[in-house]
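# Residue-level structural notes
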Amino acid sequence: MSRSISRSTEAALPPSAVTADDLDRAVQLAVSVLRQAPPTAWDGRAGSLEWDCWETVEHLSDDLFAYAVQLGPRKPPLEGNVPFVWESRRAGGPANAVHADRAAGPEGLLQVLEASGALLVAMVRTTTPEVRAHHVFGVSDPEGFAAMGAVETLVHTQDLAEGLGLPWNPPADLCAQVLARLFPDVPEAADPWLTLLWATGRAELPGHPRRTTWRWDGSVRG
């Protein structure tokens, strides 16, 4: 796995609540990096995923959209997802409600990503902290959905960066925040970015076997 992790070795700030601004920061950093990709590179495989890079951006966009709509109803669902239709465009492809128009090209694809991120940012910013909504990894609150959206953005951008041949070095403080919120069982992180990649099955961590299965804990802790 080829990557540069220089920024993640900076001294991390003490973990704090993940905010709408943190999520927006992750999305904007991701979009900025992905805009550097050659127009012809999007059909290549995204890292270790079975999807190509275009499909992976659609999947990430769909994650952000799905988290936003979970917070949308006056009474958010606690036992399932808001029932949009999620479907694959090909066998083995991601099952999404969000699909980008291929005629719009990579710039249109990244607009879809940015817009989906903005929807979740807005919902996190405007939803009261007491609201709870279903997620398969635990009923969560707006801060939890912000953290989940940030993790999806950070790690899928790593998949994309590998497939597109781009550097991706997310800030250590943001990685530490999402680790603290969603992965309370992971080792204390000298390198939060490497630890987040390990926690999501994407890298080896010295002294710990590589994860072949993983999940975060999105439940609300007092």
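Refer to the structure presented above.
Okay, so let's go over this structure.

## Description of the overall build of the protein chain
- A count of helical and extended segments in the protein chain gives 6 helices and 0 strands.
- Reading the helices (α) and strands (β) of the protein chain from amino to carboxyl end gives α-α-α-α-α-α.
- For 222 residues, the compact-globule formula gives about 17 Å, and the C-alpha radius of gyration of the protein chain, at 17 Å, lands near that figure.
- Its C-alpha atoms give the protein chain principal-axis dimensions of roughly 45 × 40 × 30 Å.
- Long-range contacts, defined here as pairs at least 24 residues apart, represent 70% of the contacts in the protein chain between residues at least 6 apart.
- Surface accessibility of the protein chain: about 10,300 Å² in total, with carbon and sulfur atoms responsible for 54%.
- Side-chain charges in the protein chain split into 18 positive and 28 negative, and the spacing between the mean points of these groups amounts to 3 Å.

## Things to note about the pattern of salt bridges
- Per the counting criterion, the structure on display carries 12 salt bridges.
- Arginine 35 serves as the salt-bridge partner of glutamate 107, at 3.3 Å between the closest nitrogen and oxygen. In this pair, glutamate 107 sits in helix α3 (residues 105-126) while arginine 35 sits in the loop between α1 (20-34) and α2 (53-70), placing the two residues 72 residues apart along the sequence.
- Judged by relative accessible area, which is 41%, glutamate 107 ranks as partly exposed.
- A network of salt bridges, in which partner residues are shared, links Arg35, Glu107 and Glu114.

## Some details on α1
- Compared with an ideal rise of 1.5 Å per residue, which puts 15 residues at 21 Å, α1 spans 21 Å between its outermost C-alpha atoms and is within 8% of the ideal.
- Among all positions of α1, only Ala20, Asp22, Leu23, Ala26, Val27, Ala30, Val31, Val33 and Leu34 are buried.
- On its buried face, α1 is in contact with α2, α3, α4 (142-164) and α5 (172-182).

## Let's talk about the packing of aromatic side chains
- In this structure the tally under the stated criterion is 5 aromatic pairs.
- With a centroid separation of 6.1 Å and an interplanar angle of 75 degrees, the aromatic rings of phenylalanine 84 and tryptophan 86 are classed as edge-to-face.
- Measuring from ring centre to ring centre gives 5.2 Å for phenylalanine 137 and tryptophan 216, while their planes differ by 85 degrees; the resulting arrangement is edge-to-face. Taken together, the residues phenylalanine 137 in the loop between α3 and α4 and tryptophan 216 in the segment after α6 (192-199) connect sequence positions 79 residues apart.
- Feature note: the residues Phe65, Phe84 and Trp86 constitute an aromatic cluster, connected by ring pairs.
- Between the NZ or CZ atom of arginine 211 and the centre of the ring of tryptophan 198, over which it lies, the distance is 4.4 Å.

How each quantity is defined
- Residues numbered from 1 in each chain as written.
- Predicted model: local features only at pLDDT ≥ 70, side-chain atom pairs only at ≥ 80, totals over all residues.
- Heavy atoms only, no water.
- Helix = DSSP H or I, 4+ residues; strand = E, 2+ residues; numbered from the N terminus.
- Rg over C-alpha atoms; globule rule 2.2 N^0.38 Å.
- Contact = heavy atoms within 4.5 Å.
- Areas by Shrake-Rupley, 256 points an atom, 1.4 Å probe, with all protein chains shown as cover.
- Lys, Arg positive; Asp, Glu negative; His and termini not counted.
- Charge placed at Lys NZ, Arg CZ, Asp CG, Glu CD.
- Salt bridge = Lys/Arg side-chain N within 4 Å of Asp/Glu carboxyl O.
- Buried < 20%, exposed > 50% of the residue type's maximum accessible area, 1.4 Å probe, protein only.
- Expected span 1.5 Å × (residues − 1).
- Phe/Tyr/Trp six-rings, centres within 6.5 Å; stacked < 30°, edge-to-face > 60°.
- Lys NZ or Arg CZ within 6 Å of the ring centre and 35° of its normal.

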